[in-house]
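# Overview (structure and organization)
Listed here are the chains, written in short residue letters.
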Amino acid sequence: MREMDVVGVRVEMPSNQPIVLLREVTGERYLPIWIGAVEATAIAFAQQGVTPPRPLTHDLMRDVLEATGQRLDEVRIVDMRDGVFFAQLVFDGGAEVGARPSDSIALALRTGSRIVCAEAVLDEAGLAVPAEQEDEVERFREFLDHVSPDDFESH
């Protein structure tokens, strides 16, 4: 398993499909995952520290964990089959629950939990970005600084 950071979310053109981009903490591979507009908004809210007037589903999940004394230890992106990614939520008591990566990432950002990805998934779907191409990633980060969660609302 390789630890990952969330670079952010964006809408890919011309398909108008949101993606979340993860990056290896100690490596040069990136992992783009196509996600839904609602999940993109949830991830963007968490990254920007937006507190909605009423809790979103991922805020509710965090609050339930806190109220019951549970802790989400880590999120694992464990598999990819037919272009679909699969994740697991791993709790402090050892329990594991299958989940979509987008929901898992949104919850991890709210709980401060670690995100890891199976080496086999990175080998299959990861994109290596050599240091000399980092300026393109920097432009992506600048885009993220100016994007609003409202940009991910479905029209």
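Scroll up a little and you will see the structure.
Let me sum up the structure you'll find in this document. Source: prediction; values computed, not measured. (Residues numbered from 1 in each chain as written. Predicted model: local features only at pLDDT ≥ 70, side-chain atom pairs only at ≥ 80, totals over all residues. Heavy atoms only, no water.)

### Focus: the sheet that holds strand E5 (residues 84–91)
Just so we agree on the cut-off: Only strands joined by at least two bridges in the DSSP assignment are considered to pair. Helix and strand definitions follow DSSP, with helices as H or I runs of at least four residues and strands as E runs of at least two, each counted in order from the N terminus. In this analysis, two residues are considered to be in contact whenever any of their non-hydrogen atoms come within 4.5 Å of each other. Each axis is a line fitted through C-alpha atoms, and for a helix only the stretch in contact is used; angles between axes span 0 to 180 degrees, taken between their N-to-C directions.
The eight strands are arranged E6-E5-E4-E7-E1-E2-E3-E8 in an open sheet whose pairing can be described as mixed. If you trace the sheet from one side to the other, it starts and ends with strand E6 (96–99) and strand E8 (127–128), each paired once. Contacting strand E1 (2–12) and strand E2 (17–24), helix H1 (residues 37–48) runs over the sheet at an angle of about 115 degrees to E1.

### What about the side chain of Ser104?
Definition in use: Per-residue accessibility, obtained with a 1.4 Å probe over protein chains only, is compared with the maximum for each type, and a residue is labelled buried under 20%, exposed over 50%, and partly exposed between these values. Within 3.5 Å is the distance limit for a polar contact, defined as a pair of N or O atoms, with the added protein rule that one can donate a hydrogen and the other accept it, and that residues adjacent in sequence qualify only through two side-chain atoms.
Inspection of the secondary structure puts Ser104 in helix H3 (residues 101–111). Given a relative accessible area of 1%, Ser104 falls into the buried group. A polar atom in the side chain of Ser104 sits 2.8 Å from the backbone oxygen of Arg100. Discounting chain neighbours no more than four positions away, the residues touching Ser104 are Val75, Ala87, Leu89 and Ala99.

### Regarding helix H2 (residues 57–67)
For the record, the criterion: Throughout, the arc means the angular range of directions from the helix axis out to the C-beta atoms.
Turning to H2, its buried residues are His58, Asp59 and Leu65. Projected down its long axis, H2 carries its buried residues within an arc of 120 degrees, all on one side. Within H2, the exposed residues directed more than 90 degrees away from the buried face are Thr57 and Ala67. Buried-residue contacts for H2 involve H1, strand E4 (72–81), E5 and H3. Within two residues after H2, Gly69 carries a phi angle of roughly 75 degrees, on the positive side.

### Looking at the side chain of Glu39
Topologically, Glu39 is positioned in helix H1. Take Glu39: its relative accessible area is 11%, and that puts it in the buried class. If we skip the residues at most four places from it in the chain, Glu39 touches Arg100, Ser102 and Asp103.

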